[in-house]
Amino acid sequence: MTRVYLDHNATTPVDPAVLDAMLPYFSADFANASSIHTPGQRARAAAETAREQVAALLHAKPAEIIFTSGGTESDNHAIFGSVAQALLPVRREPLPATAPTRPATNAPTPPSSSSTSFTSGSAAPHLITTAIEHEAVLNTCQALEQQGVAVTYLSVNRDGLVDPQELRAALRPETALITIMHANNELGVLQPLAEIGRIAKEHKIPFHTDAVQSAGKIPLDVNALHADLLSLSAHKLYGPKGVGALYVRTGVKVQQLLYGGHHQRGFRPGTENVAGIVGLGKAAELTQHSLASDAARISALRDQLERGLLERIPHTRVNAANAPRTPNTANILFSGIAGEALVIALDLKGIACSVGAACSSGAVEPSHVLTAIGLSHDEAKSSLRFSLGRHTTAAEITFALDTIPHVVAQLRALSPINETHRAAP
Ligand code: PLP
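Examining the overall build of the protein
- A tally of regular secondary structure across the protein gives eleven helices and 14 strands.
- Evaluated residue by residue, the protein yields a buried proportion of 57% over its 425 residues.
- Long-range pairs, those at least 24 residues apart, make up 72% of the contacts in the protein between residues at least 6 apart in sequence.
- About 17,200 Å² of surface is accessible on the protein, with carbon and sulfur atoms providing 57% of the total.

Below, the structure written as structure tokens:
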């Protein structure tokens, strides 16, 4: 059976060159990178080379890269760590103009999520994020909210874009962090990060971005984006699962999340996953070389897929079509279809794609991202994400265009939802 994988935003295959680079660190070069003997020093050198490779991808300094277990940890560290930092007695200058003096906070607080507390009468730290973040950010913010942290969730327009003026209006003297994702995982929409970063810088508020879905797809420069903290994950850029990085700009203070040994200067302890780190480094290096040509080729295929589906299938629409987007992502609304049923039917035909929905307790809720851009419950549940990758071919897109219209027509014929959607492809 022909198998076409169009779910690269969920994860990517490990590039063969990445696997080759990793393999020695499972066997011959297995030593602990903290050991002072020669094998240990070889592992250390490999991890430090990877740090340089990741830094180069971001136009950062190697010392600004912290290896983590992936995007989720990086996001948690940036957010919990910034709030814990804000609770220390001395922090940053207060906001200019009308901003009241920052109230005194309680004594240094351990950074763990379970330990946040506020002196009665003092303003709790405030976070600004968006309604369309990944759960790694949203649920972290919600956990902090339960502990008394104030969180503003910026809305987005029909194309999934934040309005920088809304961000300005949301700023408070006690805003401890602005965390706004770069590329959205469901829509591919790219936020105006440079402008957002400028606003954060102007007000001396730390700015974190979840770049898990943009790293490896578009060029990234932490200075152009004015990012103080940035999360990325290896498995979204043809590296292994379970390893990622947090960029922390020199001079930006974030409390650590984990306590343990002296690894990574004690800031992120735990014996380093050298093979994974080497894989992330190699993936970052490969990405830098192939990014421009990949982006041009993949976006041409993505556009062909979108055009072809719209031409062949009535009552079909591209979500967030007018926004700047990552080159590989298409989110398409097939009116009158249950998205999960279409994913399963397409899987039976050999096509892997996804609904942008979280499955909890057996019930698939409509995607919070799609409802945030104004889709109704039914429209959100009728939308599918196709995400292309480095190895997607023109033949695979042709196969998808030959297959999807028939499957949609079959499902519509069975569906009691809407007679008008039953037109044959
Ligand atoms: N942030 C975004 C935007 C993502 O798409 C993902 C994964 O899907 C994550 C964070 C979490 O990354 P990880 O799977 O490495 O924990």
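Thoughts on helix 8 (residues 339-348)
- For helix 8, the set of buried residues is G339, L342, V343, A345 and L346.
- Of the surrounding elements, those touching the buried residues of helix 8 are strand 10 (329-334), strand 11 (351-352), helix 10 (377-381), strand 14 (383-387) and helix 11 (394-414).
- Following helix 8 by one or two positions, G350 adopts a phi angle in the positive range, close to 100°.

Some words on the site of the ligand
- By nearness alone, 13 residues border the ligand, and G71, T72, D210, S233 and K236 come closest of all.
- Contact between the ligand and S233: an oxygen atom at 2.6 Å from a side-chain N or O atom of the residue.
- In this structure, H235 approaches the ligand through a side-chain N or O atom, which is 2.9 Å from an oxygen atom.
- About the coverage of the ligand: the protein hides 85% of its 390 Å² of free accessible area.
- A total of three residues in the shell around the ligand trace back to one element, the largest contributor, which is helix 3 (residues 71-86).
- Of the residues assigned to the shell around the ligand, the class counts are two nonpolar, eight polar and three charged.

Quick look at the side chain of T130
- Mapped onto the elements, T130 comes out in strand 3 (residues 126-130).
- There is a polar contact of 3.1 Å between the side chain of T130 and the backbone nitrogen of I132.
- If we ignore the near neighbours within four places in the chain, the residues touching T130 are L138, Y153, L154, V162, T179 and I180.

Considering the environment of H77
- Along the chain, H77 falls in helix 3.
- H77 sits 180 residues away from L257 along the chain, and the two C-alpha atoms are 5.7 Å apart.
- Leave out the neighbours within four places in its chain, and H77 touches S82, L246, V254, Q255, Q256, L257 and F267.

Here we look at the pattern of salt bridges
- Throughout the structure, instances matching the rule amount to 17 salt bridges.
- The salt bridge involving R3 is made with D347; its shortest N-O contact spans 3.3 Å. Placement of R3 in the segment before strand 1 (4-5) and of D347 in helix 8 is noted, with a sequence separation of 344 residues between them.
- Its salt-bridge partner being R268, residue E73 comes within 2.7 Å of it at the nearest N-O pair. You can see E73 sitting in helix 3 and its partner R268 sitting in the loop between strand 8 (244-248) and helix 7 (274-312), a full 195 residues away along the chain. Per residue, the accessibility class of E73 equals that of R268, and both read buried.
- Ionic contacts of the salt-bridge type, sharing partners, join the residues R44, E48, R51 and E272 into one network.

A few points about the nonpolar core
- Core analysis: the biggest nonpolar cluster contains 61 residues, and L58, I65 and I178 have the highest contact counts within it.
- Among the elements that make up this core, the one with the highest residue count is helix 2 (residues 38-58) (eight residues).
- Sequence-distant contacts of I65, defined by excluding residues within four places in its chain, comprise R51, V54, A55, L58, A60, A245, L246, Y247 and Q264.
- Core analysis: the second largest hydrophobic core is formed by 28 residues, V318, A330, V407 and V408 among them.

Focus on the packing of helix 7 against helix 11
- Their axes nearest at 10 Å, the elements helix 7 and helix 11 cross at an angle of 20°. One finds that helix 7 runs roughly parallel with respect to helix 11. The chirality of how helix 7 crosses helix 11 is right-handed. Taken together, the residues of helix 11 that come into contact with helix 7 (itself represented by L301, Q304, L305, G308, L309 and R312) are A394, I397, A400, L401, I404 and P405.

Considering the side chain of Q53
- With respect to the helices and strands, the residue Q53 is situated in helix 2.
- On the accessibility criterion, Q53 (16% relative accessible area) is buried.
- Apart from residues lying up to four places away in sequence, Q53 is in contact with G281, K282, A284 and E285.

Considerations on the sheet that holds strand 14
- Pairing is antiparallel in the open sheet, where three strands are placed in the order 9-10-14. Two strands lie at the open edges of the sheet, namely strand 9 (316-318) and strand 14, each paired on one side alone. Between one strand axis and the next, the sheet turns by 25° as a mean value, whatever way the strands run.
- With five bridges connecting them, strand 10 and strand 14 associate as antiparallel partners.

Considerations on the sheet that holds strand 5 (residues 175-179)
- Taking strand neighbours across the sheet as the criterion, the seven strands line up as 2-8-7-6-5-3-4 in an open arrangement whose pairing is mixed. On the outer flanks of this sheet lie strand 2 (65-68) and strand 4 (150-154), each paired with one strand and no other. Across the sheet, the mean angle separating the axes of adjacent strands is 20° when strand polarity is ignored.
- The pairing of strand 6 (residues 207-210) with strand 7 (residues 229-233) spans three bridges and is parallel. Each residue of the ladder has a partner; that of H208, found in strand 7, is L229.
- The sheet contacts of helix 4 (residues 135-146) involve strand 3, strand 4, strand 5 and strand 6, and relative to strand 4 the element is tilted by about 145°.

How each quantity is defined
- Residues numbered from 1 in each chain as written.
- Predicted model: local features only at pLDDT ≥ 70, side-chain atom pairs only at ≥ 80, totals over all residues.
- Heavy atoms only, no water.
- Helix = DSSP H or I, 4+ residues; strand = E, 2+ residues; numbered from the N terminus.
- Buried < 20%, exposed > 50% of the residue type's maximum accessible area, 1.4 Å probe, protein only.
- Contact = heavy atoms within 4.5 Å.
- Areas by Shrake-Rupley, 256 points an atom, 1.4 Å probe, with all protein chains shown as cover.
- Near = heavy atom within 4 Å.
- Polar contact = N/O pair within 3.5 Å; in protein donor to acceptor, adjacent residues only side chain to side chain.
- Nonpolar A, V, L, I, M, F, W, Y, C, P; charged D, E, K, R; others polar.
- Salt bridge = Lys/Arg side-chain N within 4 Å of Asp/Glu carboxyl O.
- Core = buried A, V, L, I, M, F, W, Y, C linked by side-chain atoms within 4.5 Å.
- Axes fitted to C-alpha atoms, helices over the stretch in contact; angles between N-to-C directions.
- Parallel < 35°, antiparallel > 145°, perpendicular 65-115°, else oblique.
- Left-handed = near helix turned anticlockwise from the far one by under 90°.
- Pairing = 2+ DSSP bridges.

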